[in-house]
Amino acid sequence: MAHVTPHVLADLPLARSTVPRAAELRDVPHVIADALADPATRVLAVRDGGLLLTDGGGVRWLDPRSAGALLAAGGATDGAATADPTSDVWLLLGARDDGTRVLAVRLPDEHPLTTGGEPADVLVHLPDGPVGRGGWGSLRAVGAALDAHDAGLATAAVALDAWHDRHPRCPRCGATTRVAQAGWSRVCDVDGSEHYPRTDPAVIMAVVDDADRLLLGHATAWPAGRWSTLAGFVEAGESAEQAVRREVLEETGVVVDDVEYVGSQPWPFPASLMLGFRAHATSTRIRVDGVEMADARWFTRDELTAATASGQVLLPGGASIALALVEQWWRRPPA
Ligand SMILES: [Zn+2]
């Protein structure tokens, strides 16, 4: 029988996924070329962290011809990019239960559809219809509105795109690497080393005191009014729980004892995995470091409700685990 803890964060926007990743297909010879030859294959377009969207704000799914046409509009000859199995233009994201393969096409930064922020309704007319007014949207901005089918695939596409962008060379010898496993690894032909997408663990925590107040911070790098839960990267040789205690102490001077894991979600901007926690504070005096953290304070529910209603406090976006942590605290009054 499943044990359900009431503290677990469910349905984190970017952690939802209904399409199997189908890792068994990645080493199948010509898997990308075969998928592109199948009109049933569906392709999402990604460029510099942005996704091509429908007018309604969902992912704009393309057939292979349209994806090729979009790529060609960016200056690449679709034939060459399609045929080259070592190209890092195409990524295999997964396969639906009915066998439909799902790909991403990576477009160059200077793609004509990406100039400015204007609606792109007439720039490219694709075989399966015009590119609509949805234009491009960042996963960070649109992720909360995606359904579970699109969210997991879009998150994988953005994560892989960012990794390929930033890791074209072998970290051992500096040689240019080639893509392998349908976009899920890179290989150095000089020293034979294999390289896989990086994921950097970070902790993010709802710190609560004995009066059930929530600790929020305002980082020096943030716009005025932005407040959020504390967060930070896990350092080398450190556990996630240790990172929670260290970050809270460093950024605010607050000491925490009990640390409880509540859930995680990928945050591919560019390569984080956010590990969410609730932490209990044993001290309440705040001393911000002034370097990363400009200000921090304790909020009661009434104070936070009033501050967000007045616009004095702007909470993080709907795709973030930070907002989920705040909402979980807000909904759960003291026992
Ligand atoms: Zn190498």
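Residues numbered from 1 in each chain as written. Predicted model: local features only at pLDDT ≥ 70, side-chain atom pairs only at ≥ 80, totals over all residues. Heavy atoms only, no water.

Undergrad: Is there a simple way to explain the overall build of the protein in this structure?
TA: The helix and strand inventory of the protein stands at eight helices and 16 strands. Counting every position in the protein, which comprises 335 residues, the buried fraction comes to 49%. Long-range contacts, defined as pairs at least 24 residues apart, comprise 66% of the intrachain contacts of the protein with a sequence gap of at least 6. Just so you have it, the protein exposes about 15,600 Å², and 54% of that area is on carbon and sulfur atoms. (Helix = DSSP H or I, 4+ residues; strand = E, 2+ residues; numbered from the N terminus. Buried < 20%, exposed > 50% of the residue type's maximum accessible area, 1.4 Å probe, protein only. Contact = heavy atoms within 4.5 Å. Areas by Shrake-Rupley, 256 points an atom, 1.4 Å probe, with all protein chains shown as cover.)

Undergrad: Looking at this structure, I do not really get helix H5 (residues 148-166). What am I missing?
TA: Each turn of an α-helix holds 3.6 residues, which means side chains three or four residues apart point in the same direction. Compared with the 27 Å implied by 1.5 Å per residue over 19 residues, the 28 Å span of H5 between its first and last C-alpha is a close match. Of all 19 residues making up H5, 14 are buried, and the element is well covered by its neighbours. (Expected span 1.5 Å × (residues − 1).)

Undergrad: Is there a simple way to think about the coordination of the zinc ion in this case?
TA: Six octahedral donors around a metal ideally subtend angles of 90 or 180 degrees, whereas four tetrahedral donors ideally subtend 109.5 degrees. For the zinc ion, the full set of protein donor atoms is Cys170 (SG), Cys173 (SG), Cys188 (SG) and Asp191 (OD), at a range of 2.2 to 2.3 Å. For the zinc ion, the four donor atoms in the first shell make angles of 98 to 120 degrees at the metal, so the coordination geometry reads as tetrahedral. Every donor residue of the zinc ion comes from the same chain, spaced as C-x2-C-x14-C-x2-D. Here cysteine 188 lies in the loop between strand E9 (185-187) and strand E10 (194-195) and cysteine 173 lies in the loop between H5 and strand E8 (178-180), a separation of 15 residues in the sequence. Residue classification places cysteine 173 among the partly exposed residues on the basis of a relative accessible area of 38%. (Donors = N, O, S within 2.8 Å, 3.2 Å for Na, K, Ca; no water. Tetrahedral: all angles 85-135°; square planar, octahedral: opposite > 155°, others 65-115°.)

Undergrad: Explain the nonpolar core to me, please; I cannot follow it from the model alone.
TA: Soluble globular proteins tend to bury their nonpolar side chains together. Membership of the largest hydrophobic core comes to 46 residues, with the highest contact counts inside it found for Leu44, Leu51 and Leu93. Looking at this core element by element, the count peaks at seven residues for H5. Mapping this core onto the domain boundaries places at least three of its residues in each of domain 1 (13-167) and domain 2 (200-331). Ala243, Val248, Leu275 and Ala281 belong to the second largest nonpolar core, which has 20 residues in total. (Core = buried A, V, L, I, M, F, W, Y, C linked by side-chain atoms within 4.5 Å. Domains from an automatic or database assignment.)

Undergrad: What should I look at first to understand the sheet that holds strand E7 (residues 136-138) in this one?
TA: The strands that make up a sheet are held in pairs by hydrogen bonds between backbone atoms, and each pair lies either parallel or antiparallel. Taken in spatial order, the five strands line up as E3-E4-E1-E2-E7 in an open sheet, and their pairing is mixed. Two strands close off the open sheet at either side, each with one partner strand: strand E3 (90-95) and E7. If you compare each strand with its neighbour and ignore which way they point, the axes differ by 30 degrees on average. Sheet analysis places strand E1 (residues 42-47) next to strand E2 (residues 50-52), joined by two bridges and oriented antiparallel. If you follow arginine 47 over to E2, its bridge partner there is glycine 50. The strands that helix H2 (residues 64-73) touches are E1, E2, E3 and strand E4 (101-106); relative to E1, the one it contacts most, it runs at about 20 degrees. Taken strand by strand, H5 contacts E1, E2, E3 and E4, and its axis lies near 150 degrees from that of E3. (Pairing = 2+ DSSP bridges. Axes fitted to C-alpha atoms, helices over the stretch in contact; angles between N-to-C directions.)

Undergrad: Teacher, can you tell me more about the sheet that holds E10 here?
TA: Taken in spatial order, the three strands line up as E8-E9-E10 in an open sheet, and their pairing is antiparallel. Two strands close off the open sheet at either side, each with one partner strand: E8 and E10. Here three bridges tie E8 to E9, and the two strands are oriented antiparallel to one another. When the sheet's bridge partners are listed, arginine 178 is paired in E9 with valine 187.

Undergrad: When you look at the packing of aromatic side chains in this model, what are you seeing that I'm missing?
TA: The geometry of an aromatic ring pair is captured by the separation of the ring centres together with the interplanar angle, meaning the angle of the planes. Taken as a whole, this structure holds three aromatic pairs when the rule is applied. Measuring from ring centre to ring centre gives 5.7 Å for tryptophan 227 and phenylalanine 299, while their planes differ by 80 degrees; the resulting arrangement is edge-to-face. In this pair, tryptophan 227 is assigned in the loop between strand E12 (214-219) and strand E13 (230-233) and phenylalanine 299 in strand E16 (residues 293-299), connecting sequence segments 72 residues apart. Neither tryptophan 227 nor phenylalanine 299 differs from the other in exposure class; each is buried. Both rings, one in tryptophan 267 and one in phenylalanine 269, keep their centres 4.7 Å apart while their planes meet at 85 degrees; by these two values the pair is edge-to-face. With a relative accessible area of 15%, tryptophan 267 lands in the buried category. Stacked on the ring of phenylalanine 269, the Lys or Arg arginine 140 has its end atom at 4.7 Å from the ring centre. Residue placement shows arginine 297 over the ring face of phenylalanine 299; its charged tip is 4.1 Å from the ring centre. (Phe/Tyr/Trp six-rings, centres within 6.5 Å; stacked < 30°, edge-to-face > 60°. Lys NZ or Arg CZ within 6 Å of the ring centre and 35° of its normal.)

Undergrad: Help me understand the environment of arginine 186, please; the structure alone is not making it clear to me.
TA: Checked against the element boundaries, arginine 186 lands in strand E9. Assessed through its relative accessible area of 5%, arginine 186 is described here as buried. Once residues within four sequence positions are removed from consideration, arginine 186 is found in contact with Asp88, Trp163, His164, His167, Pro168, Thr177, Arg178, Val179, Ala180, Ser193, Glu194 and His195. A polar contact of 2.8 Å, which involves the side chain of arginine 186, links it to the side chain of histidine 164. (Polar contact = N/O pair within 3.5 Å; in protein donor to acceptor, adjacent residues only side chain to side chain.)

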